[in-house]
Amino acid sequence: MAITVQIPTALRRHTAGVGSLTCAAANIGELFSVLDAKFPELKPHLRDEAGQVRRFLNIYVNEEDIRFLGGQSYVFTDGDEVLLVPSIAGGTAA
């Protein structure tokens, strides 16, 4: 079974520019373990100190928010496309 993980531009500085990765993770926990091993600098941007998914990291599976698919208990299926989207704030007052 293979899934594809899309890494947005905002996080690629922690992946040496890698924008996507194919792996055989079965769930979010396994996926994050794969990402931790391959991109150690990415780890603090995915999980907090308690090991939980960062509050401002949105995870989509096949363009659907994983929270509506069962959250961290969601089991990936072959061909799933996972997108990690960090919330980004900023701007200027006009």
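Note that the structure is a prediction, hence the values are computed from the model and not measured.

Caption draft 1: Inspection of the pattern of salt bridges at higher detail. A full pass over the atoms with the stated rule returns three salt bridges. The salt bridge involving Arg 47 is made with Asp 36; its shortest N-O contact spans 2.8 Å. On the criterion of sequence distance, the pair formed by Arg 47 in the loop between α2 (43-46) and β3 (57-61) and Asp 36 in helix α1 (residues 28-38) is long-range, its members being eleven residues apart. Asp 36 matches Arg 47 in its accessibility class, with the two residues each being buried. A salt bridge links Arg 67 to Asp 65; its shortest N-O distance comes to 2.5 Å.

Caption draft 2: Inspection of the sheet that holds strand β4 (residues 64-65) at higher detail. Here five strands make up an open sheet; going across it, the order is β2-β1-β5-β3-β4 and the pairing mixed. Single-partner strands in this sheet number two, and they are β2 (20-23) and β4. Strand contacts of α1: β1 (3-6), β2, β3 and β5 (81-86), with the helix running at about 120° to β2, the strand carrying the most contacts.

Caption draft 3: Quick peek at α1. All of the buried residues along α1 are Ile 28, Leu 31, Phe 32, Leu 35 and Asp 36. Buried residues in α1, looked at end-on, bunch into an arc of 140°, giving them a common side. For α1, the capping residue at the N-terminal end is Asn 27, with a side-chain oxygen 3.1 Å from the backbone nitrogen of Gly 29.

Caption draft 4: Quick look at unusual backbone geometry. One non-glycine residue, Ala 16, lies in positive phi territory at about 55°. With relative accessibility at 79%, the residue Ala 16 sits in the exposed group. Of note, the phi angle at Asn 62 is positive, near 50°, even though the residue is not glycine. Mapped onto the fold, Asn 62 is located in the loop between β3 and β4.

Caption draft 5: Spotlight on the confidence of the model for the chain. In this model, the chain carries a mean pLDDT of 90, and residues with pLDDT of at least 70 account for 94%. Across the chain, the element-wise mean pLDDT spans from 91 in α2 up to 96 in β1.

What counts, and where the lines are drawn
- Residues numbered from 1 in each chain as written.
- Predicted model: local features only at pLDDT ≥ 70, side-chain atom pairs only at ≥ 80, totals over all residues.
- Heavy atoms only, no water.
- Salt bridge = Lys/Arg side-chain N within 4 Å of Asp/Glu carboxyl O.
- Helix = DSSP H or I, 4+ residues; strand = E, 2+ residues; numbered from the N terminus.
- Buried < 20%, exposed > 50% of the residue type's maximum accessible area, 1.4 Å probe, protein only.
- Pairing = 2+ DSSP bridges.
- Contact = heavy atoms within 4.5 Å.
- Axes fitted to C-alpha atoms, helices over the stretch in contact; angles between N-to-C directions.
- Arc of directions from axis to C-beta.
- Polar contact = N/O pair within 3.5 Å; in protein donor to acceptor, adjacent residues only side chain to side chain.
- pLDDT = per-residue confidence, 0-100.

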